[in-house]
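In case you want the letters, here they are:
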Amino acid sequence: MIEVRELTKSFGGTSVLRGIDLTLEQGQVLVVIGPSGSGKSTLLRCLNALEVPTSGTVTIGRARVEFRPNEKPRKKDVLALRRQSGMVFQAYHLFPHFTALQNVMEGQVTVRRRPKNEARAKALQLLAKVGLEDRADAYPHQLSGGQQQRVGIARAMSIDPELLLFDEPTSALDPELVREVLKVIRELAEEGRTMMIVTHEMKFAREVADRIVLLDGGVIVEEGPPDQLFGQPREARTRQFLSLLMERSLV
Amino acid sequence: MGETTNLDIFTDSFLPLLKAGIAFTVPLTLISFALGLVLAMLTALARLSDLRPLAWAAGFYIWIIRGTPLLVQLFIIFYGLPSLGILIDAFPAAVIGFSLSVGAYGSEIIRASIVSIPKGQWEAAYSLGETRLQALRRIILPQAARVSVPPLSNSFISLVKDTSLAATLTVTELFQKGQQITAAVYKPLLIYSEVALIYLIFCTVLALLQRQLERYFDRYSTV
Ligand SMILES: Nc1ncnc2c1ncn2[C@@H]1O[C@H](COP(=O)(O)OP(=O)(O)O)[C@@H](O)[C@H]1O
Ligand SMILES: [Mg+2]
């Protein structure tokens, strides 16, 4: 189970997250939407401990860390928390000096201390899952954006995380490549993976999400199942954001 | 009894010069560069470290070495230190001087190439659960190595030529040997040109090796 309690994050004097509470059951998919600058990336990065939250409690699987202002968390706790989640980045961030296969083996070998042959077998299996078993020996620069992002997804899964985090996984892709990546994520949802996804693909969000959260100004404005949030939004701010998205997609 | 031609002098002196180069210039260069690279790596990591005193000590060392002439450093080590009771033979004294120099300049090259690797690479490594040291060793340094091959090769080639300064410490390397032969046959233009030619050969071999190394790293290209 994933639980976030009273999570805040400030950069210098600016507070970016202002008290986030979230609960996610195993196998659930949560989609986070919201205008640019609302704190979506920061929220995901706090869960993966790429940013240290200012205060609040984060529980993912077996790891639970309580953050307090002006108090450095213990390195061991941060590492333990981080190892509970896998991150898929908007710009992929594949390791350019490794092949696709090596990218998916890296975490297994270096972090999980798996024997090489075991890690290779698992990496091949994950690459097959994202439809890239035949590109295992390609370097990232030899792959299309969509293929690179699929390797990124396989890499994030390679450490057996409790939770998968996606930060706008298709925003850097050409429109014709978006579909292949969304297809992979959809399959993972059907398999019962626990996921948190930041996306602007509303049709996809509607299909894949168990719940949707609208973030604005560092707080959760509205939360609910997709049919309710898209169909009968309660908050004026939600209606405003959705109509903005509608306008944009009609252009 | 034929008279000695320039060609005879050239061919007679070629082997002794080459020998001096191979016996002293080459080992002096290789040992100093190897030790210097280790020092450069440690210094670069110290400068990037969170530990203030370590970063400060590294900065101080770089400041001293870059701010003073190599020749003066060599003289301090070989001619100066004995007055403190520290006696070092000419060859090791030269190795120490050159290594310190490579360490200082090389650390700046390595530091710059580490800093040039995009932040996303650190974050991707961290997101897999790697520690800072693991990320550095597995992800950052291999990419930084590729960036630093051309500037480090430059330092290496400069070092080949800088080792001629060891002549002033009585090391009979290539240039010193040239001086000795010149004193005997009195053909400075010929002999020093020959010395230059042998340096040129050494440096050309290195440039070819550099090309091989760059090709090796180009098996993945980020562009
Ligand atoms: N490292 C940082 N330092 C300072 N401000 C930051 C940093 N990261 C994000 N911010 C600020 O936090 C706010 C939220 O950013 P972000 O989480 O990236 O929003 P979103 O992903 O929803 O577009 C923005 O105003 C951004 O400028
Ligand atoms: Mg963002």
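Source: prediction; values computed, not measured.

What about helix H8 (residues 188-217) of chain B?
Residues and elements named next belong to chain B.
Part 1 of the reasoning: Its 30 residues give H8 an end-to-end C-alpha distance of 43 Å, which sits within 8% of 44 Å, the value for a rise of 1.5 Å per residue.
Part 2 of the reasoning: Within H8, the full set of buried residues consists of Ile-191, Glu-194, Val-195, Ile-198, Tyr-199, Phe-202, Cys-203, Leu-206, Gln-210 and Phe-217.
Part 3 of the reasoning: Looking at the buried residues of H8, the elements they touch are helix H1 (6-48), helix H6 (132-162) and helix H7 (174-185).

So, the UniProt feature "domain: ABC transporter" (unreviewed entry) in chain A
Part 1 of the reasoning: Here, UniProt's "domain: ABC transporter" (unreviewed entry) annotation points to residues 2-242 of chain A.
Part 2 of the reasoning: Strand forms 26% of residues 2-242 of chain A and helix 38%; the C-alpha atoms that close the span are 27 Å apart.

Considerations on the sheet that holds strand E4 (residues 55-60) of chain A
All names here are of chain A.
Part 1 of the reasoning: Ordered in space as E2-E1-E4-E5, the four strands form an open sheet in which the pairing is antiparallel. The sheet is open, and its two borders are formed by strand E2 (14-24) and strand E5 (63-67), each paired with just one other strand. On average, adjacent strands in this sheet sit at an angle of 15° to one another, irrespective of strand direction.
Part 2 of the reasoning: Summarising the sheet, E4 and E5 pair through five bridges and their orientation is antiparallel. Within the sheet, the bridge partner assigned to Thr-59 lies in E5 and is Arg-64.
Part 3 of the reasoning: Helix H2 (residues 75-82) rests against E4 and E5 of the sheet, and its axis sits at about 130° to E5.

Describing the packing of H1(B) against helix H4 (residues 90-115) of chain B
Residue and element names in this part refer to chain B.
Part 1 of the reasoning: At their nearest, the axes of H1 and H4 sit 5 Å apart, and the two run at 45° to each other. Judged on the interaxial angle alone, H4 and H1 are oblique. With respect to the hand of their crossing, H1 and H4 are arranged in right-handed fashion.
Part 2 of the reasoning: Partitioning the contact of H1 with H4 into residue classes produces 22 nonpolar, seven polar and three charged.

A few points about the site of ligand 1
All names here are of chain A.
Part 1 of the reasoning: Residues in close proximity to ligand 1 include Phe-11, Val-16, Pro-35, Ser-36, Gly-37, Ser-38, Gly-39, Lys-40, Ser-41 and Thr-42, which together make up its full environment.
Part 2 of the reasoning: Separating an oxygen atom of ligand 1 from a backbone N or O atom of Gly-39 is a distance of 3.1 Å.
Part 3 of the reasoning: Interatomic distance of 2.9 Å between a side-chain N/O atom of Lys-40 and an oxygen atom of ligand 1.
Part 4 of the reasoning: Relative to its free-state accessible area of 560 Å², ligand 1 is covered by the protein chains to the extent of 56%.
Part 5 of the reasoning: Looking at the shell around ligand 1 element by element, the count peaks at three residues for helix H1 (residues 40-47).
Part 6 of the reasoning: Along the lines of polarity and charge, the residues of the shell around ligand 1 split into three nonpolar, six polar and one charged.

Reading the values: rules and limits
Residues numbered from 1 in each chain as written. Chains lettered and ligands numbered in written order. Predicted model: local features only at pLDDT ≥ 70, side-chain atom pairs only at ≥ 80, totals over all residues. Heavy atoms only, no water. Helix = DSSP H or I, 4+ residues; strand = E, 2+ residues; numbered from the N terminus. Expected span 1.5 Å × (residues − 1). Buried < 20%, exposed > 50% of the residue type's maximum accessible area, 1.4 Å probe, protein only. Contact = heavy atoms within 4.5 Å. UniProt positions renumbered as here; feature names shortened; annotations may be inferred. Pairing = 2+ DSSP bridges. Axes fitted to C-alpha atoms, helices over the stretch in contact; angles between N-to-C directions. Parallel < 35°, antiparallel > 145°, perpendicular 65-115°, else oblique. Left-handed = near helix turned anticlockwise from the far one by under 90°. Nonpolar A, V, L, I, M, F, W, Y, C, P; charged D, E, K, R; others polar. Near = heavy atom within 4 Å. Polar contact = N/O pair within 3.5 Å; in protein donor to acceptor, adjacent residues only side chain to side chain. Areas by Shrake-Rupley, 256 points an atom, 1.4 Å probe, with all protein chains shown as cover.

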